[in-house]
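This is what each chain is made of:
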Amino acid sequence: KEIVEAPIIIIGSGYGGAVSALRLCEAGKKVVLLEMGLNWEKAGIPFSNLLKPGKSSAWLKKKTIAPFMNIFSLTPFTGTLDRLDFDNINIWVGRGVGGGSLVNGGMAVTPKEDYFKEVFPNLDAERFYNHYFPLVREELKVNVIDEQFLKDCPYYKFTRVGEEEAHKAGFKTMRVPNVYDFKYMEKEFRNEVPRSALNTEVIYGNNHGKNSLDKTYLKKAMDTGNLEILDLHKVDHIKLNDDKSYTLNAQQIDTSGNVITDKVFHCKKLILSAGTMGTLQLLLRSNAVNNLPIHEKIGKNWGNNGNFMTGRNWVKPLSGGTGSKQSTIPVGGIDNWDDKEHPFFTEIAPLPMGMDVATALYLLINRVDKKGEVAYDKATQMLKLNWDESNTVNMRQNAKYFVRKMNKANGGTRSHFLFNNGFGADICYHPLGGCVLGEATNEFGKLRDHDHLYVLDGSLIPGTIGVNPFVTITAIAEYCIENLIKQNEFA
Ligand code: FAD
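Here we summarise the structure given alongside this text. These numbers were taken from a predicted model, which means no experiment stands behind them. Along every chain, residues carry numbers that run from 1 in the direction the sequence is written. Residues qualify for local features only when their pLDDT is at least 70, as the model is predicted, and side-chain atom pairs are given and counted only at 80 or more; totals for whole chains, interfaces and linings, by contrast, use all residues. Side-chain figures throughout are based on the complete set of non-hydrogen atoms in the structure, without hydrogens or water.

**Section: helix α7 (residues 182-189)**
Here is step 1: Burial classes follow relative accessibility: with a 1.4 Å probe on protein chains only, a residue under 20% of its type's maximum area counts as buried, one over 50% as exposed, and anything between as partly exposed. Counting from the N terminus, the helices are the DSSP runs of H or I reaching at least four residues and the strands are the DSSP runs of E reaching at least two. Among the residues of α7, Phe182, Tyr184, Met185, Glu186 and Glu188 are the ones counted as buried.
Here is step 2: When checking whether two residues touch, look at their non-hydrogen atoms; a contact exists if any pair is within 4.5 Å. Residues of α7 that are buried in the fold lie against α5 (147-152).
Here is step 3: Asn191 lies just past α7 and shows a positive phi near 60 degrees.

Encoded structure:
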């Protein structure tokens, strides 16, 4: 078999991978990035919207895998959205050049400083709030919706109703920044440009407007001339060689998921940025398959970032509900974090179903009082996630409290339309942890028991950060790669 030699390999093109690629390329290093998903821009295939799911809507599935309303059949294709199903929790992830940035809602939230300090007591919070967070907000092109547009635009009725109801119930709301270009959205509304957020595009990719990583960090990295991205390349396992280099066994696939070639890569330095679940899969599987040394902390301190969905029905039915037209980009949140008994943050989420379903959807983000653990089951050759109802007790209590208080002030019922008993405890968009900074790795993401293996992605965050996580993942990656380069790790 042909062996492809590369000095530095990064696996995965999400936030951690994109930041690492840019900073290494700027430092003059040649980098090869392996991504199992498709390079959509290069392929020239448009993304599909929520109402007409097509090629981009699911990773090699026969049916759509949105959190609700999966009535659509599909021809399997290497789409952008994947769902990993475990016993008590389903985890959605992005696939493709740009990782999660292709499918996510773009909510770019900086964590509360006090909570950041609690989660990362050993990091210099001042440096993060004065330097890394402002830096990543600029690189990611974070912006905020114009208040007048929000007030006037019929596509944001769901936000206006959500905020009004929250205030009536005594909750505090906040404006949520985003990487979607709101000036573009205003032009969409005036029909000056093709519609994207106003045309139900989001979790299967946005054709316009959204500054996903392929338009920011990865584009800049490509412009250096030092980055090569190999898409549709899935790494199966890693081997540590006697000279401390790494050999990677990968498969190149076509867009139907068929293996075209088995490939072997060899590198001196390896960065794992396959996302929390992807990185854990690579480490634990490689350990099982060919004894890759792994530290005892790998798989520990995993959490769902307190994700807990809930909904309410008959929100203001007489005055027209939440609107039949909805932008896919959320801009409102309810901030109840300072409530000692019920600390949570919730997104006022859109439900763009093409009709007014008189339903409000909320994704709560709670503290994670009891962490889970990820392991590898040799028999099934699959990841196992130790996670059940006991891990989500506080989240359920908060959701109950929230819905009750909202319904008492505004009318409405718990949404049985969306969820069996009104709660989506098993929906996770924010898997975090399992390879925690300073526990399974050194203070800059270098894995313990290894000299040339690094982890730079969501798995560094110990299961919780109190808000949507990509701003934090990006900032931690910036901090780690800056220091690793300074320490001559890639010399
Ligand atoms: P990822 O972005 O997951 O990237 C990992 C990449 O590695 C993927 O492209 C994957 O295909 C690739 N990969 C994995 N395994 C392999 C392998 N073996 N070989 C080759 N490649 C591999 N967060 C927010 O902050 N705001 C939001 O509004 C928001 N909304 C979300 C909505 C949805 C529907 C989802 C699913 C997530 C959302 N998130 C949001 C979460 C956010 O997208 C993730 O936290 C973030 O993308 C994680 O970044 P990462 O760098 O850890 O990895």
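**A short note on the layout of surface pockets**
Here is step 1: Roughly 450 Å³ of internal volume is contained in the second largest pocket.
Here is step 2: Every definition here rests on a 1 Å grid over the protein atoms only: cavities are sets of points where a 1.4 Å probe fits but cannot get out, pockets are open sets enclosed by protein on both sides within 12 Å along at least five of seven lines, and lining residues have some atom within 4 Å of a point. Forming the boundary of the second largest pocket are 25 residues, of which Phe419, Phe423, Gly424, Ala425 and Asp426 lie nearest the centre.
Here is step 3: Taken together, the elements giving at least two residues each to the lining of the second largest pocket come down to β4 (90-94) and β18 (423-424).
Here is step 4: Of the residues in the lining of the second largest pocket, the class split is 13 nonpolar, seven polar and five charged. Grid points are joined across faces, edges and corners, and a volume is the space filled by probe spheres set on the points. The classification used treats Ala, Val, Leu, Ile, Met, Phe, Trp, Tyr, Cys and Pro as nonpolar, Asp, Glu, Lys and Arg as charged, and all other residues, Gly among them, as polar.

**Side note on the site of the ligand**
Here is step 1: Working definition: residue near molecule or strand if any one of its non-hydrogen atoms lies within 4 Å of it. Taken together, 36 residues sit near the ligand, with Glu35, Gly100, Met107, Gly458 and Phe470 positioned nearest.
Here is step 2: In protein, a polar contact requires one atom able to donate a hydrogen and another able to accept it; more generally it is a pair of N or O atoms within 3.5 Å, and residues adjacent in sequence count only if both atoms are side-chain atoms. For the ligand, a nitrogen atom lies 3.1 Å from a polar atom in the backbone of Met36.
Here is step 3: Within the backbone of Gly458, one N or O atom sits 2.8 Å away from an oxygen atom of the ligand.
Here is step 4: Those elements giving two or more residues to the shell around the ligand turn out to be α1 (15-26), β4, β7 (233-240), α9 (275-290) and α11 (470-486).
Here is step 5: Broken down by element, the residue count for the shell around the ligand peaks at three residues, all from β7.
Here is step 6: Counted by class, the shell around the ligand contains 15 nonpolar, 17 polar and four charged residues.

**Observations concerning the pattern of salt bridges**
Here is step 1: For salt bridges, the criterion is a side-chain nitrogen of Lys or Arg within 4 Å of an Asp or Glu carboxyl oxygen. On inspection of all chains with the given rule, the structure shows 22 salt bridges.
Here is step 2: The partner of Asp85 in a salt bridge is Arg83, with the nearest N and O atoms 2.8 Å apart.
Here is step 3: A single salt-bridge network, built from bridges that share partners, covers Arg23, Glu26, Glu139, Lys220 and Glu478.

**Concerning the side chain of His295**
Here is step 1: Relative to the elements of secondary structure, His295 occurs in the loop between α9 and β10 (302-303).
Here is step 2: Dropping the residues within four chain positions of it, His295 is found in contact with Glu439, Ala440, Arg448 and Asp449.

**Focus on the nonpolar core**
Here is step 1: Definition used in this section: a nonpolar core is a set of buried Ala, Val, Leu, Ile, Met, Phe, Trp, Tyr and Cys residues joined via side-chain atoms within 4.5 Å. Counting 163 residues, the largest nonpolar core has Ile9, Phe116, Phe128, Tyr156, Leu248 and Leu270 as its most contacted members.
Here is step 2: Ranked by the residues each element gives to this core, the list is headed by α11, at 10 residues.
Here is step 3: Setting aside residues up to four positions removed in sequence, Phe116 forms contacts with Pro111, Leu123, Ala125, Phe128, Tyr129, Phe133, Ile465, Thr472 and Ile476.

**What about the sheet that holds strand β19 (residues 427-428)?**
Here is step 1: Here, strands pair whenever DSSP counts at least two bridges between them. With mixed pairing, the three strands of this open sheet are ordered in space as β3-β4-β19. Looking at the sheet topology across the chains shown, the edges are occupied by β3 (81-85) and β19.

**Observations regarding empty space enclosed by the protein**
Here is step 1: Summed over the entire model, instances satisfying the criterion amount to two cavities of 30 Å³ or more.
Here is step 2: There is about 60 Å³ of room inside the largest cavity.
Here is step 3: If you trace the largest cavity, you find 14 residues lining it, with Phe158, Thr322, Ala349, Ala360 and Leu361 closest to the centre.
Here is step 4: Among the secondary structure elements, those contributing two or more residues to the lining of the largest cavity are α6 (157-168), β13 (344-349) and β14 (359-366).
Here is step 5: Split by residue class, the lining of the largest cavity holds nine nonpolar, four polar and one charged.
Here is step 6: Counted as a void, the second largest cavity has a volume near 40 Å³.
Here is step 7: Taken together, Phe47, Leu102, Gly205, Asn206, Lys210, Ser212 and Lys215 make up the lining of the second largest cavity.
Here is step 8: Per-class residue counts for the lining of the second largest cavity are two nonpolar, three polar and two charged.

**Examining unusual backbone geometry**
Here is step 1: Non-glycine residue Asn191 carries a positive phi angle of around 60 degrees.
Here is step 2: In this structure, Asn191 sits in the loop between α7 and α8 (217-223).
Here is step 3: The phi torsion at Ala358 lies on the positive side, around 45 degrees, for a residue other than glycine.
Here is step 4: Relative to the assigned elements, Ala358 resides in the loop between β13 and β14.
Here is step 5: Owing to a relative accessible area of 9%, Ala358 belongs among the buried residues under this scheme.

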